[in-house]
Structures are given as C-alpha cells and as structure tokens.
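Single-letter residue listing:
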Amino acid sequence: MLRFLVTRILAALPVLLVLSVVTFAIIQAPPGDYGDYIRSMLINQGGATIEEAEKQADIYREQNGLNEPLPVQYVNWIAGIVTRFDFGHSLYYNKPVGDVVTERLPRTILLALTCHFFASVIGIGMGIVAATRQYSWIDTTFGIISFLGMTVPRFLLALIIIYILAFKLNVQELGSFFSSRYGGAPWSWDKFVNLVEHVWPVVFIATFGGLAYNMRVMRANLLDVLNSQYVETARAKGLSEGAVIMKHAVPNALHPLIAYQGVALPYMLTGEIEVAIVFGLATVGPAIVGSMAVGDVYVTATFVLVLAATLIIGNIIADLLLAAVDPRVRLSGENRE
C-alpha cells in the first residue's frame, strides 16, 4: 500500500507541472497586464496624462518583471515555488501570494468539506430510502429533488436567496462571515452561531447540488445489489430486512460512491466558489475573479494550481479508501507489489 501511495504521488508531479504550464499560458493569453490596470487607475482616478500614466506603468513592469517574455516569467514563478516555496508577490494585494492563499484557502476548504459531508450523508441516506421504497411517493419526491439539484444553476439559487434575504426579510451584513460586533472577537458559541447565520446559504446551495449525484448513484447501485444472489441468500438465512440492507447491500453499493470522492471535493470546491462569488465572501472564488480582472497573474495561477492539486489529492484519497473497504482492491494491490 505504501508503494502504491508513493507511486501515485510521483505520477502526480508531472501532471501538476503540465497543469501549471497550461494554466499560466491561459491566464496570460488575454491582452493586458497589471501595468495596464495601474495606467487606467492613474488616468481615471489620479488625473495623470496618458503619457505620464504609460511611463509609470512601464516602470512598474520593469520593476516586477512583467516585461519579460512569457516563458521567462513562468520559469521564474515555478523556480520560486520549487526552490523556496515562494508563489510570487501579489501585485494587487501588495503582499506574498502565499499570505493570500493562507488567508483564503482554509476557509474555502472548510466550507467545501462541510458541504461535502452534508451532501454525502444526506444524499446517501436519501438514496437508501428511495431504493427501498421504489416507485413510492417518497421515491418520486426524492427524484424530483435530485433532478432540481443537478439542473438548477447554483448562481441562480444564490441570487434568489440574496433577493429574499435582502429585500423580503431585510437581512443586513450579507457578504461577510461575521457581523461587525464579532469580527475581531475571540471564538465563542455566540460567534459560531453568528458564523452559521452568515454562511448557511453557501452550505445549503452547494449541498443541494452535491447530494443529487450521491442520491441517484446510491439508489441505482442499491437496487442492483438488492437483486444479487448473496442478498437473497442472506434473506433465506432469516436475517431481518434491515440487517440485509445495512450489513450486506449498502456496503457493496458504496463502492462507486467511494471512487467518486476523488472528484467530489473539487466539485464541492467549485460549487462553494461559485456561490461565494455571488455572496462576496472572502474565499478563493472572489480572489480568483478579482485577480483576473486586474491582471494579478500570480494569484490566479496559484489558486488554480492549488485547486488542480485538490483533484489529484482527492483521487489518491479515494483510491486508498476504496482499498480499505474492499479487500479485493487491497489484495490486488499487494499482489502487484
């Protein structure tokens, strides 16, 4: 198993390298850079002439290496990551990119993990209930919920909830994690409740989209397993229907869902990011959009690279979980070693 893990990690490194090249090239493809943003700000807000603004923009490009060829900029960026774990300097935030990532990424991952937990537990539970009550009104209702979760755009749900909260319920301080009185306060139960009051729309929307897939897959897999010979044998031995379902059928129906966990976390991250952009929360999503708007390439490239890394890490974790719950996978891996 250890050899399998090391092999997967080593195989992931070239993938990350290729992703970094593609990401950096795509981000740099549109015309303009942060120097253009500075020139625009000097003209529109500083009252500078076009010549003066262009001169200052050129000076900024020279000082920060923005006038270097694209391959040179990429090599400098990736060399800093490999040799010093330095992701570059954020031109917009005027601080190291690592500080921006450290500030926003933990919040994003925590929200995504929360959404993933609820989506998995609720979705799998709904799938079990729907499969054991096939074609009943419960199965139909859960099917409708699943259909809506997979088809309704998350940003549309976010806009609807913002409209209801702001214009119908007159909720204040949207777009933040805490109310103003809890911003710098130490952690307490009241502060935690205030956090939940602010982030529940993000958790609800991302969970609603994620549970749909879990429910549909669990329902379909469980229906197939319930028709298997070993399930009929378990019933013939006199086991109760609950024991047959939970001890024999459900564990075997979970295998495809465990394999799905490799893409589930990145899926929940993108769902959380999409909703967070609408709500304006200080997470990865608004940082990516804001940095792309002003040409802060190192912030955008680093966040996209980190999100790509979560996909690779998620697949490795899914493989390990599948090997842990399925002896056949574990034994086949040991035989290969």
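What you see is a predicted model, and the numbers here were worked out from it, not measured in a lab.

Within the protein chain, the secondary structure is distributed over 14 helices and 2 strands. Each principal axis of the C-alpha distribution contributes one length, and for the protein chain these read about 85 × 60 × 40 Å. In the protein chain, which comprises 337 residues, the proportion classed as buried is 41%. The long-range fraction of contacts in the protein chain, counting pairs at least 24 apart against all pairs at least 6 apart in sequence, stands at 72%. Surface exposure of the protein chain reaches about 18400 Å², of which carbon and sulfur atoms provide 67%. Averaging the locations of the 22 positively and 25 negatively charged side chains of the protein chain gives two centres separated by 11 Å.

Phe24, Trp77, Val97, Val284, Tyr298 and Phe303 are the most contacted members of the largest nonpolar core, which has 25 residues in total. At the level of secondary structure, the elements contributing two or more residues to this core comprise helix 1 (2-28), helix 4 (70-84), helix 5 (97-132), helix 11 (255-279), helix 12 (284-294) and helix 13 (297-325). No other element matches helix 13, which puts 8 residues into this core. Contact partners of phenylalanine 24, with chain neighbours within four places excluded, come to Leu70, Gln73, Tyr74, Trp77, Val297, Tyr298 and Ala301.

Evaluated as defined, the whole model comprises 14 aromatic pairs. Look at phenylalanine 24 and tyrosine 298: their rings are 6.4 Å apart centre to centre, the planes differ by 40°, and that puts the pair in the tilted class. Of this pair, phenylalanine 24 sits in helix 1 while tyrosine 298 sits in helix 13, and the two are 274 residues apart along the sequence. Per residue, the accessibility class of phenylalanine 24 equals that of tyrosine 298, and both read buried. The residue whose ring lies beneath lysine 191 is phenylalanine 178, and the NZ or CZ to ring-centre distance is 4.8 Å.

Attention now goes to the confidence of the model for the protein chain. Scored by pLDDT, the protein chain has a mean of 82; 93% of the residues are at 70 or more. Mean pLDDT across the elements of the protein chain ranges from a minimum in helix 14 (residues 327-336), with 54, to a maximum in helix 6 (residues 137-151), with 90.

All told, the structure shown has 9 salt bridges when counted by the stated rule. Of the charged contacts in the structure, one is a salt bridge between glutamate 54 and arginine 61, with a shortest N-O distance of 3.7 Å. According to the relative accessible area criterion, arginine 61 is buried, its value standing at 11%. Residue arginine 61 pairs with aspartate 58 through a salt bridge whose shortest N-O separation is 2.9 Å. On the criterion of helical spacing, the pair formed by arginine 61 and aspartate 58 is a turn pair, its members being 3 residues apart in helix 3 (residues 50-64).

Looking now at a nonpolar patch on the surface. Nonpolar side chains collect at one region of the surface, where Phe155, Leu156, Leu159, Ile160, Tyr163, Ile164, Phe167, Leu169, Val171 and Leu174 lie side by side and expose about 930 Å² of accessible area between them. Along the chain, isoleucine 160 turns up in helix 7 (residues 154-168). Assessed through its relative accessible area of 42%, isoleucine 160 is described here as partly exposed.

Two quantities define a packed helix pair, namely the angle between the helix axes and the distance between the axes. Axis separation between helix 5 and helix 6 bottoms out at 8 Å; the angle between their running directions is 140°. The crossing of helix 5 and helix 6 is left-handed. In this structure, helix 5 uses Met126, Val129 and Ala130 to contact helix 6, whose residues at the interface are Ile138, Asp139, Phe142 and Ile145. In the contact of helix 5 with helix 6, the residues fall into 6 nonpolar, no polar and 1 charged.

One non-glycine residue, asparagine 94, lies in positive phi territory at about 55°. Counting through the fold element by element, asparagine 94 comes out in the loop between strand 1 (89-90) and strand 2 (95-96). The exposure class assigned to asparagine 94 is exposed, which follows from its relative accessible area of 60%. Although it is not a glycine, asparagine 170 sits at a positive phi angle of roughly 55°. By the secondary structure assignment, asparagine 170 is in the loop between helix 7 and helix 8 (189-226). Among the residues examined, asparagine 170 registers a relative accessible area of 54% and is labelled exposed.

Turning to the environment of histidine 116, a few remarks are in order. Mapped onto the elements, histidine 116 comes out in helix 5. What makes histidine 116 buried here is its relative accessible area of 16%. Taking the C-alpha atoms as reference points, histidine 116 and tryptophan 187, separated by 71 residues in sequence, lie 24 Å from one another.

Rules of the game
- Residues numbered from 1 in each chain as written.
- Predicted model: local features only at pLDDT ≥ 70, side-chain atom pairs only at ≥ 80, totals over all residues.
- Heavy atoms only, no water.
- Helix = DSSP H or I, 4+ residues; strand = E, 2+ residues; numbered from the N terminus.
- Buried < 20%, exposed > 50% of the residue type's maximum accessible area, 1.4 Å probe, protein only.
- Contact = heavy atoms within 4.5 Å.
- Areas by Shrake-Rupley, 256 points an atom, 1.4 Å probe, with all protein chains shown as cover.
- Lys, Arg positive; Asp, Glu negative; His and termini not counted.
- Charge placed at Lys NZ, Arg CZ, Asp CG, Glu CD.
- Core = buried A, V, L, I, M, F, W, Y, C linked by side-chain atoms within 4.5 Å.
- Phe/Tyr/Trp six-rings, centres within 6.5 Å; stacked < 30°, edge-to-face > 60°.
- Lys NZ or Arg CZ within 6 Å of the ring centre and 35° of its normal.
- pLDDT = per-residue confidence, 0-100.
- Salt bridge = Lys/Arg side-chain N within 4 Å of Asp/Glu carboxyl O.
- Patch = residues over 30% accessible without salt bridge, like charges linked within 9 Å, V, L, I, M, F, W, Y side chains within 5 Å.
- Axes fitted to C-alpha atoms, helices over the stretch in contact; angles between N-to-C directions.
- Left-handed = near helix turned anticlockwise from the far one by under 90°.
- Nonpolar A, V, L, I, M, F, W, Y, C, P; charged D, E, K, R; others polar.

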